[in-house]
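# Coordinates in review
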Amino acid sequence: MATTYTNITDNKVKTIFWITFFVAFIIAFGYILSKALDIVWLFPLAIGIASFQAISSYWWSDKIALAVSGAQEVDKAADPVLYRTVENLSIAAGLPMPRVYIIEDAAPNAFATGRNPAHAAIAVTRGLLEKLTKPELEAVLAHEFSHIGNDDILLSTAIVVLVGVVVMVSDWFLRISFWGGDDDNRNPYMMLVGVLLALLSPLFATLVQLAISRKREFLADASGALLTRNPGALADALGKISADQVPLKRAGKATAHLYISNPMKEHKGSTRGLFAGLFSTHPDTEERVQRLREMAM
């Protein structure tokens, strides 16, 4: 039977695995294309990109995610209610006080990031602060603390960098495969493999991103509800966030999986069907709410 501790260990193993996998993928990709196009410098370039990818995904992925999201750090003087709520939850959860950020956006949402609990951050939108009640806000923050406590923030944040680099490099190598190299020295079979990798790797990277995100949300919902002892408040908050039609302007496909609820409003209302779940960054909100309601009984 899975416990919180086994899930934490599983998340650590997955983080190491996916960082290693994406590094190996970029290096192998560069090797294949260097042979296919007879461009020697592509292989060492791929090694350099892969090395930078591994370092940045561990040390700077949280800073990248926060910067991309337009989050601004706040202290107790700037927002005493938010800061005090986060402070109280950190004590209740037995976790270090995370840095607190606000995203100036009317859409209600939130996410946690960081490489470990000692270097964690929680970001909430202005819309979340304005549209939720105090118990609902506390429930959402408890959900984010659960991501921190379950040690899955590094994995989810690193995926932002890893997927982004793979998509960017795949697009660049695809252009090189058509416009670079000497036509007389090209290996047609290696070229075919390289082009197929360039075309399919962004889709594969995105599927990895989505699968990792969906699995962790149910655990964070349950852990957050246990922390506040108020699963109904989180259920109400998820319902409000999901029903809100204001788009989160700074959200993109690379960061959508970080948020407590899917910020990409064009996907709302399309979570049913054979393939819909495959391309959704989050589990179905109705199912999450139902599970929380059952916990409240």
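Residues numbered from 1 in each chain as written. Predicted model: local features only at pLDDT ≥ 70, side-chain atom pairs only at ≥ 80, totals over all residues. Heavy atoms only, no water.

It is worth spelling out the overall build of the protein at this point. Summing up its helical and strand segments, the protein has 10 helices and four strands in all. Along the protein, from the amino end to the carboxyl end, the secondary structure elements read α-α-α-β-α-β-β-β-α-α-α-α-α-α. Taking all 297 residues of the protein together, the buried fraction comes to 52%. Put simply, of all contacts in the protein between residues at least 6 apart along the chain, 72% involve residues at least 24 apart. Split by element, the accessible area of the protein, about 14,000 Å² in all, is 64% carbon and sulfur. (Helix = DSSP H or I, 4+ residues; strand = E, 2+ residues; numbered from the N terminus. Buried < 20%, exposed > 50% of the residue type's maximum accessible area, 1.4 Å probe, protein only. Contact = heavy atoms within 4.5 Å. Areas by Shrake-Rupley, 256 points an atom, 1.4 Å probe, with all protein chains shown as cover.)

The next point concerns the packing of aromatic side chains. Inspection of every chain in the model, using the stated rule, returns eight aromatic pairs. An angle of 75° between the planes, with centres 5.0 Å apart, marks the rings of F111 and Y259 as edge-to-face. Pair noted here: F111 is in strand β3 (residues 110-114) and Y259 is in the loop between α9 (231-243) and α10 (285-296), with a separation of 148 residues, a long-range link. Of the two residues, F111 and Y259, neither departs from the other in class, the shared state being buried. Pairwise contacts between aromatic rings join F17, F21, F22, F25 and F29 into one cluster. (Phe/Tyr/Trp six-rings, centres within 6.5 Å; stacked < 30°, edge-to-face > 60°.)

The next thing to look at is the nonpolar core. Burial of nonpolar side chains together is a common tendency in soluble globular proteins. Judged by nonpolar contacts, the single largest core of 34 residues is most densely connected at V124, L128, V140, L141, F145 and I148. Considering every element that reaches this core, the biggest residue donor is helix α6 (residues 134-149), with seven residues. Excluding its chain neighbours within four sequence positions, the residues that come into contact with L128 are A107, P108, N109, A110, L137, V140 and I241. W18, I26, F29 and A50 belong to the second-largest nonpolar core, a separate cluster that totals 23 residues. (Core = buried A, V, L, I, M, F, W, Y, C linked by side-chain atoms within 4.5 Å.)

In this section: the pattern of salt bridges. Using the criterion set out here, one finds 11 salt bridges in the structure. Ionic pairing is found between R288 and E217, a salt bridge with its closest N-O pair at 3.4 Å. Taken together, the residues R288 in helix α10 and E217 in helix α8 (residues 188-228) connect sequence positions 71 residues apart. Here R293 and D236 are joined by a salt bridge, their closest N and O atoms 2.7 Å apart. With R293 in helix α10 and D236 in helix α9, this residue pair connects regions lying 57 residues apart in the sequence. Where salt bridges share partners, they join R216, E217, D221 and R288 into one cluster. (Salt bridge = Lys/Arg side-chain N within 4 Å of Asp/Glu carboxyl O.)

Buried within helix α3 (residues 61-69) are the following residues: S61, D62, A65, L66 and S69. Buried residues of α3, seen end-on, are gathered within an arc of 130° and therefore sit on one face of the element. Downstream of α3 by a residue or two, G70 has a phi angle that is positive, lying close to 75°. (Arc of directions from axis to C-beta.)

Even without being a glycine, D151 presents a positive backbone phi close to 60°. Here D151 is to be found in the loop between α6 and α7 (153-179). With a phi close to 55°, R229 is a non-glycine residue in the positive phi region. Tracing the backbone through its elements, the reader meets R229 in the loop between α8 and α9.

Attention shifts here to the sheet that holds strand β4 (residues 120-125). Read across the open sheet, the four strands follow the order β1-β2-β4-β3; overall the sheet is mixed. The two strands at the open ends of the sheet, each matched to only one other strand, are β1 (71-74) and β3. Put simply, the sheet's adjacent strands are angled 30° from each other on average, direction ignored. Taken together, the five bridges between strand β2 (residues 99-103) and β4 define a ladder with parallel strand orientation. From the neighbouring strand, V100 faces β4, where its bridge partner is I122. Running at roughly 150° to β3, α3 makes contact with β1, β2, β3 and β4 of the sheet. (Pairing = 2+ DSSP bridges. Axes fitted to C-alpha atoms, helices over the stretch in contact; angles between N-to-C directions.)

Turning to the pairing of β2, a few remarks are in order. Most of β2 is tucked away: four of the five residues are buried. With four bridges joining them, β1 and β2 adopt antiparallel strand pairing. Bridge pairing links A71 to I103 in β2.

As a further point, take the confidence of the model for the protein. Taken residue by residue, the protein gives an average pLDDT of 83. The fraction at 70 or more is 79%. Counting interchain partners and residues more than four positions distant, the pLDDT-below-50 stretch residues 267-275 has 10 contacts. (pLDDT = per-residue confidence, 0-100.)

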